Every structure is written in C-alpha cells, then in structure tokens.
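Given next are the chains, with one letter for each unit.
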Amino acid sequence: MEELFNRIALCIESGKINKTSPYPPDMKGEDGADELTARALEQGATAEEILTNSLIVGMGKVGVKFRENKVFVPQVLMSAKAMSAAMAHLKPLFTSGAAKRKGTFIIGTVQGDLHDIGKNLVAMMVEGNGYEVIDLGVDVSADKFITEAEKYPDAVIGLSALLTTTMVNMENIVKAIKEKNPETKVCVGGAPVTADFCWKINADLYSPDPQGLVEYLDRLAS
Ligand code: B1M
C-alpha cells in the first residue's frame, strides 16, 4: 500500500490527473491520481489514509516548491486538478461522516473585488492539505462571511483581495467577524496586502502564499 500512496503523492506533485492526461509528458499513458485513488480504496485504504499519506504529502511538496519559485501557477493548477480527481473519490466518504478532516476553512475574495485566481489556488492548497473548504466566491460581504461563520463556529476565515481599493474592505469585514465572535481567526492575503496592514486591521495572519496559510492552519489544528 505504501508504494501506492507514494505514487498518488507523486501524481499530485507532478499534476498527473488520469491515464488519458498527456501531462506531464514523462508520465504519459500511466495511471494518474484518479485511477490510483480508486485502486487504493478498492484495496482497503481509508479516505483519511489516502488524504494523509498521499494528497497532503503531494500538495505539501507543491506548496513549498511554489513558495521557493521552483514551480509556477500553471504547474500548481495541474496539481490542483490531480488533487480534485483524487478528492472526487474521497469527498463522498468525508461528507457521509465516514472520514474526518483536520478542520474547516471559509474563504472568499472581499466585497468589490472579482479577482479569484489566487483565491482559488489558496482554496485548493488548503483542501489538498486536509481541510474542508467553504469557498464563498468573489465580492463577498461581511454579512455573508458572518452567516457562514455562524454555521461553522470553529472555522478559520480567509480573506483575499487584489486591489488596493478593495483591500480596505478587509478592515470592516475583520471587525464585523470579531464583533460576532472574537475567537474566530481571520487570515488575510493577496498581492497588495502586507503584514503591517494585517496587524493594523486586527487580523490574525498575513501570508504571502498558500503554504504559509496551510502551516498556520496546521499549527492551530495540532
Ligand atoms: Co485585475 N488588476 N483588475 N483583473 N489583474 C490587477 C490586480 C492589477 C495589479 C493590474 C495592474 O494594474 N497592473 C490592478 C490592481 C492595481 C491596484 O489595485 N493596485 C488590477 C486592476 C486595476 C483591475 C481592474 C480595476 C481593471 C479595470 O477594470 N479597470 C478590474 C477590477 C475588477 C474588480 O475586481 N472589481 C480588474 C479585472 C481583472 C480581470 C477580471 C480582467 C482579471 C481577473 C480574473 C480572475 O481573477 N478570474 C484580472 C487579472 C487576471 C489581473 C492580474 C493580471 C493577475 C492577477 C492574478 O490572478 N495573479 C493582476 C496583475 C498582476 O498581478 N500581474 C491584476 C495570479 C495569482 C495566482 O496571484 O492573486 O496575487 P494572486 O494570489 C497569490 C497570492 O497573492 C496569495 O496566494 C496566491 C498564490 O500565490 N494569496 C493569498 C491570494 N489570496 C490569499 C489569501 C490568503 C493567503 C494568500 O489568506 C487568506
């Protein structure tokens, strides 16, 4: 089984979705994350084992390489697709309660802002690292974040912004969330956001990349 787990992790890291996927060229014609995850379940692995030993391992490597500029957005998107192919087999087991995740993460791009490429990457990295992700999409108001936070009281909330004009909306959103529940952790990120801005608006974490966020969530979950 260990060999199969390692192979799935390699598929995630390399962005090998399924057998018919031509990417990456050196794995052409080989089974991908899709077939191998199905096989691991058939052979008796649990969803949690596959998540821990394959998806988290593969996505963790991608996150570190991305942070170190050793891979770029297109490769991360391929890894995310491979991860989604594997998750399609695991999700029914998680939603039925037969398997557990590390925690819940609610993410959205803040009000007024329609940029979602970075936010989607963050969401996929967090999901691939073992968390349930509630993605609220773009142009998300403080009210919408609060409504979702009330449904998932232990969730960590992530705000993304790409515009200097919408980044300022983070302040009101953090304030509104903390007024409802001061214990709720709020993380911020996106190209114009800085650590100084994060402290100024009383958010709990600024991360310039998905990996820093995943490491923070892991610290909270441990
Ligand atoms: Co827009 N845009 N755009 N745009 N756009 C920028 C951001 C801009 C820098 C371009 C420029 O002028 N050079 C500029 C902002 C200037 C500023 O505010 N200082 C800008 C502008 C002005 C605009 C419009 C106002 C243009 C107009 O209409 N006049 C308009 C605004 C629309 C709106 O939102 N209301 C607009 C529209 C658009 C498109 C719709 C055309 C498109 C978005 C498509 C989409 O997202 N579906 C678009 C795009 C693609 C860009 C650029 C080219 C690329 C952004 C991107 O996706 N980067 C961008 C210029 C640039 O960056 N070169 C630009 C890749 C992505 C992976 O990175 O999102 O930074 P990023 O995410 C990173 C990290 O920041 C981090 O992790 C990600 C992965 O590393 N991260 C987090 C992100 N969120 C995080 C949250 C976390 C932690 C980490 O914790 C919660």
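Because the structure is predicted, anything quoted here is derived from the model rather than measured. (Residues numbered from 1 in each chain as written. Predicted model: local features only at pLDDT ≥ 70, side-chain atom pairs only at ≥ 80, totals over all residues. Heavy atoms only, no water.)

**Thoughts on the overall build of the chain**
Phase 1: Scanning the chain from N- to C-terminus turns up 10 helices and 5 strands.
Phase 2: Seen along its three principal axes, the alpha-carbon backbone of the chain occupies a region of about 50 × 35 × 25 Å.
Phase 3: Across the 222 residues that make up the chain, the buried fraction comes to 49%.
Phase 4: If you take every contact in the chain between residues at least 6 apart in sequence, the share linking residues at least 24 apart comes to 67%.
Phase 5: Counting every atom, the chain has about 10600 Å² of accessible surface; 53% of that belongs to carbon and sulfur. (Helix = DSSP H or I, 4+ residues; strand = E, 2+ residues; numbered from the N terminus. Buried < 20%, exposed > 50% of the residue type's maximum accessible area, 1.4 Å probe, protein only. Contact = heavy atoms within 4.5 Å. Areas by Shrake-Rupley, 256 points an atom, 1.4 Å probe, with all protein chains shown as cover.)

**Section: the site of the ligand**
Phase 1: Taken together, the neighbourhood of the ligand is formed by 26 residues, with Leu114, His115, Asp116, Ser160 and Thr164 sitting nearest.
Phase 2: At a separation of 3.5 Å, an oxygen atom of the ligand approaches a polar backbone atom of Ile117.
Phase 3: Between the ligand and Thr164, the relevant distance is 2.9 Å, taken from an oxygen atom to a main-chain nitrogen or oxygen of the residue.
Phase 4: Elements with a minimum of two residues in the shell around the ligand: helix H5 (117–128), strand E3 (156–160), strand E4 (186–189) and helix H10 (210–221).
Phase 5: It is H5 that contributes the most residues to the shell around the ligand, 4 residues altogether.
Phase 6: In terms of residue class, the shell around the ligand is made up of 15 nonpolar, 9 polar and 2 charged. (Near = heavy atom within 4 Å. Polar contact = N/O pair within 3.5 Å; in protein donor to acceptor, adjacent residues only side chain to side chain. Nonpolar A, V, L, I, M, F, W, Y, C, P; charged D, E, K, R; others polar.)

**Some words on the coordination of the cobalt atom of the ligand**
Phase 1: Here the protein supplies the cobalt atom of the ligand with just one donor, His115 (NE2), and that contact is 2.2 Å long.
Phase 2: Looking at the element boundaries, His115 is found in the loop between strand E1 (104–109) and H5. (Donors = N, O, S within 2.8 Å, 3.2 Å for Na, K, Ca; no water.)

**Topic: helix H4 (residues 73–95)**
Phase 1: For H4, the principal kink sits at His89 and spans about 45°; a proline, Pro92, occurs within the next four residues.
Phase 2: Along H4, the residues that are buried comprise Val76, Ser79, Ala80, Ala82, Met83, Ala85, Ala86, Met87, Leu90 and Phe94.
Phase 3: Against the buried residues of H4 lie helix H1 (2–14), helix H2 (33–42), helix H3 (47–67) and H5. (Bend = angle between axes of the 7 residues up to and from the residue.)

**Quick notes on the packing of helix H6 (residues 142–151) against helix H8 (residues 169–180)**
Phase 1: As a packed pair, H6 and H8 sit with axes 9 Å apart at the nearest point and diverge in direction by 35°. The handedness of the crossing between H6 and H8 comes out as right-handed. The segment H6 lies against H8, with Ala142, Phe145, Ile146 and Glu150 engaging Ile173, Ala176, Ile177 and Lys180.
Phase 2: Across the contact of H6 with H8, the residue classes tally to 6 nonpolar, no polar and 2 charged. (Axes fitted to C-alpha atoms, helices over the stretch in contact; angles between N-to-C directions. Left-handed = near helix turned anticlockwise from the far one by under 90°.)

**Here's the deal with the pairing of E1**
A regular strand places its side chains so that they alternate between the two faces of the sheet.
Phase 1: Burial analysis of E1 places 6 of its 6 residues in the buried class, the great majority of the element.
Phase 2: Residues Thr104, Ile106 and Gly108 of E1 are buried on one face, and the alternating residues Phe105, Ile107 and Thr109, pointing to the opposite face, are buried as well.
Phase 3: Judged from the 4 bridges that link them, E1 and strand E2 (residues 132–135) form a sheet pairing that is parallel. In the strand pairing of E2, Thr104 is matched with Glu132.
Phase 4: Taken together, E1, H5 and E2 form a β-α-β motif whose crossover is right-handed.
Phase 5: Where E1 and E3 come together, 5 bridges link them in parallel fashion. By the bridge assignment, Thr109 is partnered in E3 with Ser160. (Pairing = 2+ DSSP bridges. Right-handed = clockwise from strand over helix to strand, strands pointing away.)

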